[in-house]
Amino acid sequence: MKKILVLFATLGLSFGADQVILKKPPASLGKYYPPQSNRFEYVSVMNEMSTAFYGVRLNINEGRWDRALDWANRLKDAYTRAQNMVPEWKDYFKPALADQLISAVRAKNPDQVIKASRELGETCTKCHAENQIAVKLVYHYPPFATLKMEDPVEFDQLSPKEYMRRLSDSMKALRIFLMQGDVQKAREAGEQVVERVKGTEAICSKCHTDKTVVDRIHGKDHEQALASIQRLLKETQPNRDAIFRAMSVIGQSCNRCHNLHLVPAMVQEAFRK
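So, how was this worked out
- Residues numbered from 1 in each chain as written.
- Predicted model: local features only at pLDDT ≥ 70, side-chain atom pairs only at ≥ 80, totals over all residues.
- Heavy atoms only, no water.
- Helix = DSSP H or I, 4+ residues; strand = E, 2+ residues; numbered from the N terminus.
- Expected span 1.5 Å × (residues − 1).
- Buried < 20%, exposed > 50% of the residue type's maximum accessible area, 1.4 Å probe, protein only.
- Arc of directions from axis to C-beta.
- Contact = heavy atoms within 4.5 Å.
- Axes fitted to C-alpha atoms, helices over the stretch in contact; angles between N-to-C directions.
- Parallel < 35°, antiparallel > 145°, perpendicular 65-115°, else oblique.
- Left-handed = near helix turned anticlockwise from the far one by under 90°.
- Nonpolar A, V, L, I, M, F, W, Y, C, P; charged D, E, K, R; others polar.
- Salt bridge = Lys/Arg side-chain N within 4 Å of Asp/Glu carboxyl O.

K.L.:
How do you make sense of helix α2 (residues 65-85) when you look at a structure like this?
P.N.:
For an α-helix the count is 3.6 residues per turn, leaving residues at separations of three or four pointing the same way. Taking 1.5 Å of rise per residue, 21 residues should cover 30 Å, and α2 covers 30 Å from first to last C-alpha, within 8% of that figure. Inspection of α2 places Trp65, Ala68, Ala72, Leu75, Ala78, Tyr79, Ala82, Gln83 and Met85 among the buried residues, and these make up the whole buried set. Viewed along the axis of α2, the buried residues span an arc of 155 degrees, placing them on a single side of the element. Exposed side chains of α2 directed beyond 90 degrees from the buried face belong to Asp66 and Asn84. The inward-facing, buried residues of α2 abut α1 (41-61), α3 (95-106) and α4 (110-139).

Set out below in structure tokens:
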């Protein structure tokens, strides 16, 4: 018996020659993600469809057409629910193709199953290609704009973006004053750097409740670098190069966090405008 070897599409990404275009996710999608819902209902329906697709293929390859038909009907049910959950995306869906797949399975026709599966999968691929990246960046990362951080230097509440700007300014000031030989001002800037860097741990702990996760960013080397900056700045003539090396270690911690969170935060901000 002919095997059903067609790859049922689960992800399709298409890029232009010079750019990737991200479209703002529709408003109705938001009710299936935090903070409106913690159940991720739309993701669950996508998983149902993917499982049902594979259930059809798996059972046909084993010659169990009755079970394959059951999975084809489950696929249509999930496909229909997904279409109704996000009205703005209704044009991506072609429910007649789900009916064609059911008919092909019922007729035990492998060629028609492959054809209907490919055409139905293409509707998933098109939607994923045009929407999946933006949805991941917007809904699978914390809503950074709603978070607040207390500045331990000026004691006011800031957005993460504003807080990071002050931290960056403190680090630049420390470097500038050291290069200029302004020791006292460098000490003041250095204390601000240390306090603001330590303050970043508070924002991490709002989402990363497992300390071991936070330690991957604020690890032993990171803590030792902060302690070195404080100790070196107390010297009569601070060792500028040693302080710069310690600051480089802190910068690596910044980069680890930025590599995970900065792009989603930028995309979320762009979609709010």
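Moving on from the model shown.
K.L.:
Would you mind going over helix α5 (residues 160-180) with me for this structure?
P.N.:
Compared with an ideal rise of 1.5 Å per residue, which puts 21 residues at 30 Å, α5 spans 30 Å between its outermost C-alpha atoms and is within 8% of the ideal. When α5 is considered as a whole, its buried residues turn out to be Pro160, Tyr163, Leu167, Ser170, Met171, Leu174 and Leu178. Within α5, the buried residues cover an arc of 90 degrees as seen down the axis, which keeps them to one side. Residues of α5 that are exposed and point over 90 degrees away from its buried face: Met179 and Gln180. Those residues of α5 hidden inside the fold are in contact with β1 (149-150), β2 (157-158), α6 (183-205), α8 (220-233) and α9 (240-272). Where α5 ends, the next residue or the one after it, Gly181, has phi of about 80 degrees, a positive value.

K.L.:
Honestly, the side chain of Thr200 in this entry has me stumped. Any pointers?
P.N.:
With respect to the element layout, Thr200 can be found in helix α6. Judged by relative accessible area, which is 8%, Thr200 ranks as buried.

K.L.:
What is the right way to look at the packing of α3 against α4 in this model?
P.N.:
Describing two packed helices takes the angle between their axes plus the distance from one axis to the other. Where α3 contacts α4, the axes come no closer than 8 Å and their chain directions differ by 160 degrees. The pairing of α3 with α4 is recorded here as roughly antiparallel in orientation. Helix-helix and strand crossings are classified by hand; for α3 and α4 the assignment is left-handed. Contact residues: α3 offers Leu97, Ala98, Gln100, Leu101, Ala104 and Val105, while α4 offers Gln112, Val113, Ala116, Ser117, Glu119, Leu120 and Thr123. The residue inventory of the contact of α3 with α4, partitioned by class, reads eight nonpolar, four polar and one charged.

K.L.:
What should I look at first to understand the pattern of salt bridges in this one?
P.N.:
All chains considered together, the criterion is met by 16 salt bridges. For Asp91, the salt bridge identified is with Lys90, shortest N-O distance 3.4 Å. Linking Arg166 and Glu154 is a salt bridge whose minimum nitrogen-to-oxygen distance equals 3.4 Å. Of this pair, Arg166 sits in helix α5 while Glu154 sits in the loop between β1 and β2, placing them 12 residues apart in sequence. Glu154 sits in the partly exposed class, given a relative accessible area of 48%. One continuous salt-bridge network, built from bridges that share partners, spans Asp151, Glu154, Asp156, Arg166 and Arg196.

Just geometry here; none of it tells us what the structure is for.
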